[in-house]
Amino acid sequence: MTPLPNELNRLVFATNNGHKLDEVKQILGNHWDILSLAESGVTTDLPENGNTLHANAEEKANAIYRLISLPCFAEDSGLEVDALGGAPGVYTARYAGIGASAQENNEKLLEELKDITDRTARFRAVIALWWQDKLFFFEGVINGRIATRLEGLTGFGYDPLFIPEGFDQPFAALPGTVKSQISHRARAVAEMVNFLNFQTTPL
Ligand code: ITT
């Protein structure tokens, strides 16, 4: 891929989650210049009042685009557990209550699945991108299952419990390169990059 002039390659990632930011920077490598909110001089809360990942991603992206009017994107993600009817879904970050830690969320999930053998689940990520004054959406999914105990030290959130399809260990115990290639976030970002490459390729 031929690198493009800097300002064309620059996107602001509207997130307050440093892990998401690190992962997206790792996925996009040198090809895209991803700026955090702090690097863009923005300090604001990101509203999340929607009932769907799409609505939340849009709300977060809109809040930042209104302030900076530059190409920017936000991402909302969630864990969908089949035996729990798709929960925690849009409430994944606050499954054990508002302000709950990852440890508390993981413990609640293990407790809810205590006597359940069907542990199939998926992570879904929805990106809302403001590009040339229009809003675009991209989605990524990774199927897997929920482990019966926590394992591994890397990543964040539910990574010690989520075993991606085709593997025997959760993301937190696998090399980071696996997650950056196959995760819900990696897949949604890949969709966005396909779109952007098409948009920015000179005719
Ligand atoms: P921003 O809204 O600021 O981007 P957030 O952490 O609040 O950050 P979400 O509202 O999208 O993000 O919450 C998604 C939650 O889902 C997140 O806090 C984690 O608990 C979980 N999650 C999402 N992606 C994950 C991943 O790759 N690995 C583990 N857990 C993940």
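Bear in mind the structure is a predicted one, so any value in this text is a computation, not a measurement.

This next bit is on helix H2 (residues 53-68). Compared with an ideal rise of 1.5 Å per residue, which puts 16 residues at 22 Å, H2 spans 23 Å between its outermost C-alpha atoms and is within 8% of the ideal. Inspection of H2 places Leu53, Asn56, Ala57, Lys60, Ala61, Asn62, Ala63, Ile64, Tyr65 and Ile68 among the buried residues, and these make up the whole buried set. The elements touched by buried residues of H2 are strand E1 (10-13), helix H1 (18-28), strand E3 (72-81), strand E5 (120-131) and strand E6 (134-146). Looking one or two residues past H2, Ser69 carries a phi angle of roughly 50 degrees, positive in sign.

Moving on: the site of the ligand. Lining the immediate environment of the ligand, one finds 20 residues, of which Thr15, Asn16, Lys60, Asp159 and Lys179 sit closest. Here an oxygen atom of the ligand and a side-chain polar atom of Asn17 are 2.9 Å apart. Here a nitrogen atom of the ligand sits 2.8 Å away from a polar atom, N or O, in the side chain of Arg185. For the shell around the ligand, the secondary structure elements donating two or more residues are E3 and helix H5 (184-200). With three residues, E3 is the single largest residue contributor to the shell around the ligand. Class assignment of the residues belonging to the shell around the ligand gives a composition of five nonpolar, seven polar and eight charged.

Put simply, Ala87 and Pro88 share a cis peptide bond, and its omega is 0 degrees. A positive phi angle, close to 50 degrees, is found at Ser69, a residue other than glycine. Position of Ser69 relative to the elements: it lies in the loop between H2 and E3. Judged by relative accessible area, which is 52%, Ser69 ranks as exposed.

So, about the pattern of salt bridges. All told, the structure shown has 15 salt bridges when counted by the stated rule. Note that Asp76 is salt-bridged to Lys60, the shortest N-O span being 2.7 Å. Residue Asp76 is found in strand E3, and its partner Lys60 is found in helix H2; the two are separated by 16 residues along the sequence. Of the charged contacts, one joins Glu111 and Lys114 as a salt bridge, the two residues approaching to 3.0 Å between their closest N and O atoms. Salt bridges sharing partners connect three or more residues here, namely Lys20, Glu23, Glu75, Asp159, Lys179 and Arg185.

Turning to helix H3 (residues 102-112), a few remarks are in order. Here H3 has its buried residues at Asn105, Asn106 and Leu109. Here the buried residues of H3 occupy an arc of 100 degrees about the axis, which is enough to place them on one side.

Averaged over the chain, the pLDDT score is 94; the fraction of residues at 70 or greater is 94%. A low-confidence stretch, residues 1-5 stays under pLDDT 50, and its non-local contacts, those more than four residues away or across chains, total five contacts.

Here we take up the pairing of E1. The pairing of E1 with strand E2 (residues 33-35) spans three bridges and is parallel. Residue Val12 lies in a different strand from E2, and its bridge partner there is Leu35. Note that the unit made of E1, H1 and E2 has a crossover that is right-handed. Relative to E3, E1 runs parallel, the two being bridged by two bridges.

Definitions and limits used
- Residues numbered from 1 in each chain as written.
- Predicted model: local features only at pLDDT ≥ 70, side-chain atom pairs only at ≥ 80, totals over all residues.
- Heavy atoms only, no water.
- Helix = DSSP H or I, 4+ residues; strand = E, 2+ residues; numbered from the N terminus.
- Expected span 1.5 Å × (residues − 1).
- Buried < 20%, exposed > 50% of the residue type's maximum accessible area, 1.4 Å probe, protein only.
- Contact = heavy atoms within 4.5 Å.
- Near = heavy atom within 4 Å.
- Polar contact = N/O pair within 3.5 Å; in protein donor to acceptor, adjacent residues only side chain to side chain.
- Nonpolar A, V, L, I, M, F, W, Y, C, P; charged D, E, K, R; others polar.
- Salt bridge = Lys/Arg side-chain N within 4 Å of Asp/Glu carboxyl O.
- Arc of directions from axis to C-beta.
- pLDDT = per-residue confidence, 0-100.
- Pairing = 2+ DSSP bridges.
- Right-handed = clockwise from strand over helix to strand, strands pointing away.

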